[in-house]
Amino acid sequence: MNREIAHSIIRRLIDHVVADTTDLAPEPRVEPAEHFTDPERHALEREQFFLDTPQAVGFAGQVAEPGSYFATDVLDVPIVIVRDREGVLRAFLNVCTHRGAQVARGCGRAQRLVCGFHGWSFTLDGRLAGRANDDDFQPRSSANNLQPLPISDRAGILMVGLRPEMGQLRVDHALDDIAPQFEEMEIGEMELAGSDRFEVAANWKLVVNLSHEGYHFQTLHKESLAPMMTGHGAADEFGLHTRWAFPMRGIEALAEKDEADWPGYPPAAMNHTLFPGTVIVANQGGAQMIRVEPGSEAGTSVVYFSGVAEIDRAKEEESRQAARATYELGVRIFEGEDLPAAEECQRGIATRGRPIEIGRNEPVVQWWHQRWLDELHEPVTVPDDA
Ligand code: FES
Ligand SMILES: [Fe+2]
């Protein structure tokens, strides 16, 4: 990352650690229970924040080589991301044009995408390549090709529009406000270290907010994260996106050194949250993506957790093992401590039916609730006599 940005964050974090403070919101805030339980609001969020908003779906390193692909779902939309043989990045609905089965599963390298049902095959640029009994079908046309979706690689983060009509421009510019903050980290050069999927019995906003405050470190993560990191946070907004940085223990020792000798990257975790709620946790040499999406009901969500890391080419095997271990530690804490807390909260909120509290010391949690409120609009209804 940019040295100037890194050093200004280091300075702020040292000040907070020394004074035992954190960035604060002007006032505490309450959030109505219905925001986590109301089916109507949930349906609007799914529609507007996910189907109609460009989504971060993965890392460029997942399709680094020509011929590589990976399949994933966003809400219930099956998509496949491909690096075609000419190196062009593409996204398609992962839907066969014969009867609708998937043309790709998991990830890998391929010459063609082949449907597992009757075997229709498609080139990596989406054209129907072959099918058995060709003469028994209508003559081939563009309707037989896979449905392309707009996709963009922004600083190593893959952004996709789930609806073709969203347009390439909107997807290209979705991260304009925040990408310069992590552009120089070369996330795009990093290799996949692992990926997992979790079904969670909690509203998606509760899950996103797990990555937005350090108030819980000393209690929930007493044995795991708290011995390594502190919750003294520096919070920033970049258009609709945010960054919340929190330091490794001992960062204040840098105050004794000349700034010229400071590292080019803060000894800290930097949680960049991309609207509507994908968190990119960037550390030195690695990054995780926590993609949270609303489930079928307000009290459920699905989380796609993945991690990438810089691989030292001189010691590839060692370096991959270390990346895997770091990834697994992150998953263990998230799955074993954070997600169960979110599930408890959901049950509690639904039972009690009263607003929840968000402290001044949780500014990023506050910001996001305000954003989600501001950005949601009533569905446009057309009067009967129109
Ligand atoms: S559904 Fe794909 S070949 Fe039949
Ligand atoms: Fe946590």
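Rules used in this analysis
- Residues numbered from 1 in each chain as written.
- Chains lettered and ligands numbered in written order.
- Predicted model: local features only at pLDDT ≥ 70, side-chain atom pairs only at ≥ 80, totals over all residues.
- Helix = DSSP H or I, 4+ residues; strand = E, 2+ residues; numbered from the N terminus.
- Rg over C-alpha atoms; globule rule 2.2 N^0.38 Å.
- Buried ≥ 20, exposed ≤ 12 C-beta atoms within 10 Å, placed from the backbone.
- Contact = placed C-beta atoms within 7 Å.
- Pairing = 2+ DSSP bridges.
- Axes fitted to C-alpha atoms, helices over the stretch in contact; angles between N-to-C directions.
- Domains from an automatic or database assignment.
- Expected span 1.5 Å × (residues − 1).
- Bend = angle between axes of the 7 residues up to and from the residue.
- Core = buried A, V, L, I, M, F, W, Y, C linked by C-beta atoms within 7 Å.

A. Quick peek at the overall build of the protein chain. Helix and strand content of the protein chain: nine helices and 20 strands. At 22 Å, the protein chain has a C-alpha radius of gyration in line with the 21 Å of a compact globule built from 386 residues. Burial analysis of the protein chain (386 residues in total) assigns 40% to the buried set. Here the contacts in the protein chain between residues at least 6 apart in sequence split such that 64% fall between residues at least 24 apart.

B. Expanded view of the environment of Gly119. Mapping Gly119 onto the fold places it in the loop between β7 (112–114) and β8 (121–123). The exposure class assigned to Gly119 is exposed, which follows from the 12 C-beta atoms found within 10 Å. In this structure, the C-alpha to C-alpha distance between Gly119 and Cys96, residues 23 residues apart in sequence, is 9.6 Å. Residue contacts for Gly119: discarding those within four places in its chain leaves Val114 and Ala132.

C. Layout of the sheet that holds strand β14 (residues 234–238). Pairing is antiparallel in the open sheet, where seven strands are placed in the order β13-β19-β18-β17-β16-β15-β14. In this open sheet, the two edge strands, each paired with only one partner strand, are β13 (191–200) and β14. When strand polarity is set aside, the average angle formed by the axes of neighbouring strands in this sheet is 15 degrees. Of the pairings in the sheet, the one linking β14 to strand β15 (residues 241–247) comprises five bridges and is antiparallel in character. Residue Glu237 lies in a different strand from β15, and its bridge partner there is Thr242. Across the sheet, helix α8 (residues 316–352) lies against β13, β18 (286–294) and β19 (301–309), angled at about 15 degrees from β13, the strand it touches most.

D. Up close: the domain arrangement of the protein chain. On domain assignment, one finds that the protein chain holds domain 1 (3–53 + 186–375) and domain 2 (57–172). Summarising the inter-unit geometry, the C-alpha centres of domain 1 and domain 2 are found 30 Å apart. Contacts between the two partners involve 16 residues from domain 1 and, on the opposite side, 14 residues from domain 2. Put simply, the parts of the chain that give the side of domain 1 that touches domain 2 at least two residues each are α3 (39–51), β13, β18 and β19.

E. Representation of the pairing of strand β11 (residues 151–154). Summarising the sheet, β11 and strand β12 (residues 157–160) pair through four bridges and their orientation is antiparallel. Note on β12: the bridge partner recorded for Ser152 is Met159. Here β11 folds back onto β12, and the loop between the two strands holds two residues, one of which, Ala155, carries a positive phi near 55 degrees.

F. Quick look at the sheet that holds strand β2 (residues 55–59). On the basis of which strands lie adjacent, the open sheet formed by three strands has the order β2-β12-β11 and antiparallel pairing. With one partner strand each, in any of the chains shown, β2 and β11 form the two edges of the open sheet. Put simply, the sheet's adjacent strands are angled 30 degrees from each other on average, direction ignored.

G. Representation of α8 in the model. End to end, α8 covers 52 Å across 37 residues, agreeing with the expected 54 Å (1.5 Å per residue, within 8%). Most pronounced at Phe334, the bend in α8 amounts to some 35 degrees. Among all positions of α8, only Ala323, Tyr327, Gly330, Phe334, Asp338, Leu339, Ala342, Gln346 and Ile349 are buried. Tucked into the core, α8 has its buried residues touching α2 (34–37), β13, α6 (204–208), β18, β19 and β20 (356–358).

H. Focus on unusual backbone geometry. Across the junction of Phe275 and Pro276, the peptide omega takes the value 5 degrees, indicating a cis bond. We note that Leu75 has phi near 50 degrees; this positive angle belongs to a residue other than glycine. Assignment of secondary structure puts Leu75 in the loop between β3 (68–74) and β4 (77–83). Among the residues examined, Leu75 registers 15 C-beta atoms within 10 Å and is labelled partly exposed.

I. How the structure looks around the nonpolar core. Ile79, Val80, Ile81, Leu158, Met159, Val160 and Val207 are the most contacted members of the largest nonpolar core, which has 92 residues in total. Built from parts of two domains, this core gets at least three residues from each of domain 1 (3–53 + 186–375) and domain 2 (57–172). The residues contacting Met159, other than those within four sequence positions of it, are Pro54, Gln55, Ala56, Ile151, Ser152, Arg154, Val171, Ala174 and Leu175.

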